[in-house]
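Examination of the molecular architecture
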Amino acid sequence: MKMLIAIVQDEDVSRLVNELMNEGYYITKLATTGGFLRAGNTTLLLGVEEDRLQGALSIIERTCESRKQFAASPPPLGASSAFVPYPVEVTVGGANIFVLQVDQNIRY
Ligand code: 2BA
């Protein structure tokens, strides 16, 4: 079994969860915050059998879009209080996915 940790944008979550549920995946949904943008995003946990891993990845790939957003530039090291941040454009997503090996899934 694998544990899929998928960090996705809030805008994509509703459709993504619907599609995963329709295909019978088990999901846990967490409200999370990105460290860089300090904006809300969503982290999904999916425990999947290996033969269903590719199916889950395909749904995430076709459901999650990449989007451009603006963030305030971080201050350079040693910057004084007079530093004025300027906007930097970043491309967020579609999805950041970590695939972990699961030793056991125990249900009581
Ligand atoms: P955030 O940390 O808010 O990052 C939003 C976007 O800002 C990132 O999009 C990336 O384009 C840019 N970014 C992030 N850190 C940066 C940095 N140190 N310097 C320059 N640009 C930076 P994504 O890469 O698509 O990431 C979307 C969200 O996925 C992230 O939101 C974070 O919550 C999560 N994430 C991405 N990579 C991760 C990792 N290696 N470990 C944990 N969470 C991760």
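Residues numbered from 1 in each chain as written. Predicted model: local features only at pLDDT ≥ 70, side-chain atom pairs only at ≥ 80, totals over all residues. Heavy atoms only, no water.

**Some remarks on the overall build of the protein**
Note the cut-off: Helix and strand labels come from DSSP, where a helix needs a run of H or I of at least four residues and a strand needs a run of E of at least two; each type is numbered from the N terminus. All radius of gyration figures rest on C-alpha atoms, and the globule criterion is 2.2 Å times the number of residues raised to 0.38. Summary of the burial criterion: residues with accessible area below 20% of their type's maximum are buried, those above 50% are exposed, and those between are partly exposed, where the area comes from a 1.4 Å probe applied to protein chains only. Contacts are assigned to residue pairs with any non-hydrogen atoms lying within 4.5 Å of each other. For every accessible area listed, the method is Shrake-Rupley and the probe measures 1.4 Å; residues are considered covered only by the protein chains on display. Only four residue types enter the charge count: Lys and Arg as positive, Asp and Glu as negative, with His and the chain ends excluded. All charge positions are set by atom: Lys at NZ, Arg at CZ, Asp at CG, Glu at CD.
From N to C terminus, the protein includes 2 helices and 6 strands. When its helices and strands are written in sequence order, the protein yields β-α-β-β-α-β-β-β. The C-alpha atoms of the protein give a radius of gyration of 17 Å, which is well past the 13 Å a tight globule of 108 residues would have. Along the three orthogonal principal directions, the C-alpha set of the protein runs to about 55 × 25 × 20 Å. When burial is assessed residue by residue, the protein has 30% of its 108 residues classed as buried. At a minimum sequence separation of 6, the contacts of the protein that also span at least 24 residues come to 67%. Summed over its atoms, the accessible surface of the protein is roughly 7,400 Å², and 53% of this surface lies on carbon and sulfur atoms. In the protein, 9 side chains carry a positive charge and 12 a negative one; their mean positions are 3 Å apart.

**A short note on the site of the ligand**
Operational definition: Residues are labelled near a given molecule or strand when at least one of their non-hydrogen atoms is within 4 Å of it. Polar contacts, as used here, are pairs of N or O atoms within 3.5 Å; protein pairs need one atom able to donate a hydrogen and one able to accept it. Residues neighboring in sequence count only if both atoms are side-chain atoms.
The environment of the ligand is made up of Ile 7, Gly 34, Gly 35, Phe 36, Leu 37, Asn 41, Val 90, Thr 91, Val 92, Gly 93, Asn 96 and Phe 98. In this structure, Gly 35 approaches the ligand through a main-chain N or O atom, which is 3.2 Å from an oxygen atom. Residue Thr 91 places a main-chain N or O atom 2.8 Å away from an oxygen atom belonging to the ligand. Of all the secondary structure elements, the ones that give two or more residues to the shell around the ligand are β5 (87-92) and β6 (95-101). Examining the composition of the shell around the ligand, we find that 3 residues originate from one element, β5, more than from any other.

**Structural notes on the packing of aromatic side chains**
Test applied: Stacked, tilted and edge-to-face are the three classes applied to pairs of Phe, Tyr and Trp rings, where Trp contributes its six-membered ring and a pair requires centres within 6.5 Å; stacked means planes under 30 degrees apart, edge-to-face means over 60, and tilted covers the rest. Only Lys NZ and Arg CZ are tested; either one counts as a charge over a ring when it is within 6 Å of the ring centre and within 35 degrees of the ring normal.
Throughout the structure, instances matching the rule amount to 0 aromatic pairs. We note Arg 52 situated over the ring of Tyr 25; from NZ or CZ to the ring centre the distance is 4.1 Å.

**A few points about the sheet that holds β6**
What counts, and what does not: Between any two strands, at least two bridges found by DSSP are needed for them to pair. Axis lines are fitted through C-alpha atoms, for helices just across the contact stretch, and the angle between N-to-C directions can take any value from 0 to 180 degrees.
Taken in spatial order, the 4 strands make up an open sheet running β2-β3-β1-β6, and their pairing is antiparallel. If you trace the sheet from one side to the other, it starts and ends with β2 (28-33) and β6, each paired once. Shown here is a sheet whose adjacent strand axes are inclined to one another by a mean of 20°, direction ignored. Packed on one face of the sheet, helix α2 (residues 50-63) meets β1 (2-8), β3 (40-48) and β6 and runs near 5° to β1.

**Regarding the environment of Ser 14**
Structurally, the position occupied by Ser 14 is in helix α1 (residues 10-22). For the pair formed by Ser 14 and Phe 83, sequence separation is 69 residues and the distance between their alpha carbons is 39 Å.

**Topic: the packing of α1 against α2**
Note the cut-off: Roughly parallel means an angle under 35 degrees; roughly antiparallel means over 145; roughly perpendicular covers 65 to 115; every other angle is labelled oblique. Should the near helix be turned anticlockwise from the far one by less than a right angle, the crossing is termed left-handed; should it be turned clockwise, right-handed. As a working rule, the residues Ala, Val, Leu, Ile, Met, Phe, Trp, Tyr, Cys and Pro are called nonpolar, Asp, Glu, Lys and Arg charged, and the rest polar, with Gly in that last group.
The interhelical angle for the contact between α1 and α2, taken along N-to-C directions, is 150°, at an axis separation of 10 Å. One finds that α1 runs roughly antiparallel with respect to α2. Considering only the axes of α1 and α2, their crossing is right-handed. Each of Asp 12, Arg 15, Leu 16, Glu 19 and Leu 20 in α1 lies in contact with α2, whose residues at this interface are Ala 56, Ile 59, Ile 60, Arg 62 and Thr 63. Tallied by class, the residues present in the contact of α1 with α2 amount to 5 nonpolar, 1 polar and 4 charged.

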